[in-house]
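# What the coordinates show
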Amino acid sequence: MKTIITYGTFDLFHYGHVRLLHRLKMLGDRLIVGVSTDEFNALKGKAAFFNYQQRAEIVAACRHVDLVVPETHWQQKPQDIQRLNVDIFGMGNDWQGKFDSLANLCEVIYLDRTGHISTTEIKNSLSLE
Ligand code: C2G
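Quick notes on the rules
Residues numbered from 1 in each chain as written. Predicted model: local features only at pLDDT ≥ 70, side-chain atom pairs only at ≥ 80, totals over all residues. Heavy atoms only, no water. Near = heavy atom within 4 Å. Areas by Shrake-Rupley, 256 points an atom, 1.4 Å probe, with all protein chains shown as cover. 1 Å grid on protein atoms, 1.4 Å probe; cavity = no way out; pocket = protein on both sides within 12 Å on 5 of 7 lines; lining within 4 Å. Sits in = over half its atoms within 2 Å of the grid points. Helix = DSSP H or I, 4+ residues; strand = E, 2+ residues; numbered from the N terminus. Nonpolar A, V, L, I, M, F, W, Y, C, P; charged D, E, K, R; others polar. Buried < 20%, exposed > 50% of the residue type's maximum accessible area, 1.4 Å probe, protein only. Pairing = 2+ DSSP bridges.

The name an unreviewed UniProt entry gives the protein chain is Adenylyltransferase/cytidyltransferase family protein, with Shewanella eurypsychrophilus as the organism.

Rendered as structure tokens:
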């Protein structure tokens, strides 16, 4: 059983998120997603439209996702990797290199972001209407 983990806010869930989760799931058998809590988002300087419960519900409904866990702080990743027997940690490449320190615990990979879509772009285009 090969387990992959990724983390994020996943606000206004869109096809860029789906394509990342789909590609990650194709690398193994079980995909776990750490969804950032509202408190952690505040630490990241992000204000999500949907709250944690709503975002977690949406991500959990994605057919590529097997388990959702809360992401409450930056330093939880090593414990999650060990506790959940993770084989691969994956993120979009806007995070390229940022989590290489986890390579002593599992494989670390960065996948290309999907172009021309982001939560910020969605919000901006809606505010122009
Ligand atoms: N993503 C993507 N393509 C996009 C938009 C996002 O591949 N067009 C990926 C990002 O690279 C990230 C994931 O989708 O890996 C979630 O993106 P965000 O919700 O913006 O997450 P972020 O704020 O980057 O939080 O500890 C890690 C952080 O919680 C990541």
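### Quick notes on the site of the ligand
Around the ligand sit 21 residues in total, of which Phe-10, Lys-46, Glu-71, Asp-94 and Ile-117 are the nearest. Here the ligand loses 95% of its free accessible area of 640 Å² to cover by the protein chains. A molecule is said to occupy a pocket when more than half its atoms come within 2 Å of that pocket's grid points, and by this definition the ligand occupies the largest pocket. Elements with a contribution of two residues or more to the shell around the ligand: strand S1 (3-8), helix H1 (15-25) and strand S4 (88-92). Top element by residues in the shell around the ligand is H1. It accounts for three residues. Taken together, the residues that form the shell around the ligand break down as seven nonpolar, eight polar and six charged.

### What about the pairing of strand S5 (residues 107-111)?
A regular strand carries its side chains on alternate faces of the sheet. Judged by how many residues are buried, S5 sits mostly within the fold: four of five residues are covered. Pairing geometry for S4 and S5, over five bridges, is parallel. Across the sheet, residue Phe-89 finds its bridge partner in S5, namely Val-108.

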